Amino acid sequence: MSTASTDKPVVLIAEELSPATVDALGPDFEIRHCNGADRGELLAAITDVDAILVRSATKVDAEAIGAARKLKVVARAGVGLDNVDVSAATKAGVMVVNAPTSNIVTAAELACGLLVATARNIPQANSSLKKGEWKRSKYTGVELAEKTLGVVGLGRIGVLVAQRMSAFGMKVVAYDPYVQPARAAQMGVKLLSLDELLEVADFITVHLPKTPETLGLIGDEALHKVKPSVRIVNAARGGIVDEEALASALKEGRVAGAGLDVFSTEPCTDSPLFEYDNVVVTPHLGASTGEAQEKAGISVAKSVRLALAGELVPDAVNVQGGVIAEDVRPGLPLAEKLGRIFTALSGEVAVRLDVEVRGEITQHDVKVLELSTLKGVFEDIVDETVSYVNAPLFAQERGVEVRLTTSSESPEHRNLVTVRGTLSGGDEVSVSGTLSGPKFIQKVVGVGEYDVDLVLADHMAFLRYADRPGVVGTVGRILGEAGINIAGMQVARATAGGEALVALTVDSAVPAPVLTEIADEIGATSARAVNLAA
């Protein structure tokens, strides 16, 4: 560990970063170094620093944040934040930044490499030849030209893969419920349902975020719908492709090959999939290029400079740089959660999104509430970290028209935030929330045309159905049989015998099969689960 004594802000570099990172910080900081993987050394070194730069080996948890008396910024030179306790940092008023776009090209190129490798058996043939075997016929492959590539998740990385594989002469189709067909068509990509994609694709590549909804998405049921000649690549997140189901499909000849860079548990050095010669595996190399590491280091160094200068930080994960009125700040997490609920209720990206803010809060600049809402809207549907500044870019890329409207009039609540969106088919979805009492308790107070009064929880569900007796009992019975405890429930309706809404908070996530069972039994016109804990 090296230290010095100056009046400059102190930046601690806890892992090996490129010289370009230090150059990007510039001369205005005192630079210190330590081995972040050595816990004792880290805790001693972090006590009086203003910022810390880490990669993946340094654990910046609540203990480390608590030991850092002057810490203002934690900067992760990469995308993932598994080694940073963002919640603890937020509570301590510490900004967390990362480099969300540093590895998108690198990750896309690895996925393309796995596609080519699985098609032509390159690693297997390489290993065989190095053992002195000349087995040309054993490693006969297939061409990519004129084959159909199914891209599951058309975010930035998925788009890059689609563009690159199109150059191989592949026909590209995609599944992504949060991308408008017109946007996909501009890229020469045809949008399909997941079932349609599974049926027609010769190659499938996964580029989705890992959420309760996407975990195991390519599982046993999906793998019974694919062509037996299909080859599947997952260079996104471990667990989206069910590894046990994939091993069974390979064993039974229902899948011709696979390429995996990520696994449900990592590090993974032993897996049934390793037994198959038609499976190509790499140890999570998606971001492992010198270029990506350098981009990440430079990016977070620039963010640290901005943060310590008190300026806007584009890649802030938990707070926005710059001045936010104290009265506005408590509304940030509420707006973000309303955005996530809106996405869950709508099931797609809106064509137009209105963020309406009412009440006393509007005497301040509330533009940040629009940004916070957008952050929530895209949190669960893009395979990248969403920040206050890149969220509008996601909206722009998807052709979403966003408007912020304010009014000092709020008859029923001191302050009210409403997220209202028009979907591609013309339907409108809205959700409203407020902060209640001196503790700023977050509440949902409106869903569409229905008034509710429900404290926000990590796990929620919303059901629309034809109003009739017995529905509440049915909902409670099915949840009880599934071992899910109801924390709060409200029923709202416009007229007796018309459509009604049940809004629930529960102690644990409602699995998709349970939600489907409830919807089928009560004849729900809409059934949506919301998992804010993810």
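Analysis parameters
- Residues numbered from 1 in each chain as written.
- Predicted model: local features only at pLDDT ≥ 70, side-chain atom pairs only at ≥ 80, totals over all residues.
- Heavy atoms only, no water.
- UniProt positions renumbered as here; feature names shortened; annotations may be inferred.
- Helix = DSSP H or I, 4+ residues; strand = E, 2+ residues; numbered from the N terminus.
- Core = buried A, V, L, I, M, F, W, Y, C linked by side-chain atoms within 4.5 Å.
- Buried < 20%, exposed > 50% of the residue type's maximum accessible area, 1.4 Å probe, protein only.
- Contact = heavy atoms within 4.5 Å.
- Pairing = 2+ DSSP bridges.
- Axes fitted to C-alpha atoms, helices over the stretch in contact; angles between N-to-C directions.
- Parallel < 35°, antiparallel > 145°, perpendicular 65-115°, else oblique.
- Left-handed = near helix turned anticlockwise from the far one by under 90°.
- Salt bridge = Lys/Arg side-chain N within 4 Å of Asp/Glu carboxyl O.
- Polar contact = N/O pair within 3.5 Å; in protein donor to acceptor, adjacent residues only side chain to side chain.
- Nonpolar A, V, L, I, M, F, W, Y, C, P; charged D, E, K, R; others polar.

The name given to the protein chain in an unreviewed UniProt entry is D-3-phosphoglycerate dehydrogenase, with Streptomyces humicola as the source organism. Regarding the protein chain, the UniProt comment filed under Function (unreviewed entry) reads as follows: "Catalyzes the reversible oxidation of 3-phospho-D-glycerate to 3-phosphonooxypyruvate, the first step of the phosphorylated L-serine biosynthesis pathway. Also catalyzes the reversible oxidation of 2-hydroxyglutarate to 2-oxoglutarate." The UniProt entry for the protein chain carries the following text under Pathway (unreviewed entry): "Amino-acid biosynthesis; L-serine biosynthesis; L-serine from 3-phospho-D-glycerate: step 1/3."

Asker: Quick one: what's the story with unusual backbone geometry, residue by residue and with numbers?
Answerer: Following Glu 266, the chain continues to Pro 267 via a peptide bond in cis, the omega torsion being 0°. For Pro 267, the location among the structural elements is in the loop between strand 11 (257–260) and strand 12 (279–281). Despite not being glycine, Glu 146 has its phi angle at roughly 70°, a positive value. With respect to the element layout, Glu 146 can be found in the loop between helix 6 (122–130) and strand 6 (148–152). Phi angles above zero are rare outside glycine, and Phe 440 is one such case at about 55°. Tracing the backbone through its elements, the reader meets Phe 440 in the loop between strand 16 (428–436) and strand 17 (441–447).

Asker: So what's going on with the nonpolar core? Which residues, and what values?
Answerer: Residues Ile 341, Leu 369, Phe 378 and Phe 462 are the most contacted members of the largest nonpolar core, which totals 49 residues. Per element, the largest residue contribution to this core is 8 residues, and it comes from helix 13 (residues 331–346). In contact with Phe 462, not counting residues within four places along its chain, are Ile 341, Leu 345, Val 447, Leu 501, Val 502, Ala 503, Ser 526, Ala 527, Arg 528 and Val 530.

Asker: Break down the pairing of strand 17 for me, citing the residues and quoting the values.
Answerer: In terms of burial, strand 17 is largely enclosed, as 6 of its 7 residues are buried. Two elements, strand 16 and strand 17, share 6 bridges in a ladder whose sense is antiparallel. The residue of strand 17 that forms the bridge with Leu 435 is Gln 442. Note that strand 17 and strand 18 (residues 450–455) share 4 bridges and pair antiparallel. Bridge pairing in strand 18 places Gly 446 opposite Asp 451.

Asker: An account of the packing of helix 14 (residues 367–379) against helix 15 (residues 390–397) is needed here, citing residue identities and associated values.
Answerer: Where helix 14 meets helix 15, the closest approach of the two axes is 8 Å, and the angle between their N-to-C directions is 60°. It follows from the interaxial angle that helix 14 and helix 15 lie oblique. Pair helix 14 / helix 15 crosses with left-handed handedness. Contacts between helix 14 and helix 15 pair Leu 371, Leu 374, Lys 375 and Phe 378 from the former with Ala 391, Pro 392, Phe 394 and Ala 395 from the latter.

Asker: Please give an account of the sheet that holds strand 13 (residues 352–359) that cites residues and values.
Answerer: Here we have 6 strands laid out as an open sheet, ordered 14-13-15-16-17-18, and mixed in their pairing. Strand pairing shows two members of the sheet lacking a second neighbour, strand 14 (401–407) and strand 18, which therefore form its edges. The mean angle between the axes of side-by-side strands here comes to 20°, regardless of whether they run parallel or antiparallel. The pairing of strand 15 (residues 415–422) with strand 16 spans 6 bridges and is antiparallel. Bridging from a neighbouring strand, Thr 418 pairs with Ser 432 of strand 16. On the sheet, helix 13 packs against strand 13, strand 15, strand 16 and strand 17 and is oriented at approximately 155° with respect to strand 16.

Asker: Quick rundown of the pattern of salt bridges? Include the residues and the values.
Answerer: When the charged atoms of two side chains lie near each other, side chains of opposite charge can form a pair. Tallied over the full model, the rule gives 27 salt bridges. For Arg 39, the salt bridge identified is with Asp 61, shortest N-O distance 2.6 Å. One end of the pair, Arg 39, is in helix 2 (residues 39–45); the other, Asp 61, is in the loop between strand 3 (51–54) and helix 3 (62–67), and 22 residues separate them in sequence. Classification of Arg 39 by relative accessible area gives partly exposed; the value is 27%. Take Asp 61: its relative accessible area is 17%, and that puts it in the buried class. A salt bridge links Asp 467 to Arg 493; the shortest N-O distance between them is 2.6 Å. One end of the pair, Asp 467, is in the loop between strand 19 (459–466) and helix 16 (471–481); the other, Arg 493, is in strand 20 (residues 486–493), and 26 residues separate them in sequence. When salt bridges that share partners are traced, they join Glu 30, Arg 32 and Asp 48 into one network.

Asker: Pulling in residues and values, what's your account of the environment of Lys 302?
Answerer: Mapping Lys 302 onto the fold places it in helix 12 (residues 290–308). The sequence separation of Lys 302 and Gly 26 amounts to 276 residues, and the corresponding C-alpha distance is 9.3 Å.

Asker: Describe the side chain of Arg 32, naming the residues involved and giving the relevant values.
Answerer: For Arg 32, the position within the fold is in strand 2 (residues 30–33). Given a relative accessible area of 8%, Arg 32 falls into the buried group. Side-chain polar atoms of Arg 32 contact the side chain of Asp 48, separated by 2.9 Å.

Asker: Give a description of the packing of helix 5 (residues 104–120) against helix 6 that names residues and reports values.
Answerer: Between helix 5 and helix 6, the shortest axis-to-axis distance is 6 Å and the interhelical angle comes to 60°. As far as their axial angle goes, helix 6 and helix 5 are oblique. Residue-level inspection shows Val 116, Ala 117 and Arg 120 of helix 5 in contact with helix 6, the latter providing Ile 122, Pro 123 and Gln 124. Residues belonging to the contact of helix 5 with helix 6 are distributed by class as follows: 4 nonpolar, 1 polar and 1 charged.

Asker: So what's going on with the side chain of Asn 103? Residues and values would help.
Answerer: Of note, Asn 103 is situated in the loop between strand 5 (95–97) and helix 5. Given the relative accessible area of 14%, Asn 103 is considered buried. With sequence-adjacent residues up to four places away left out, Asn 103 is seen in contact with Val 79, Gly 286, Ala 287 and Ala 292.

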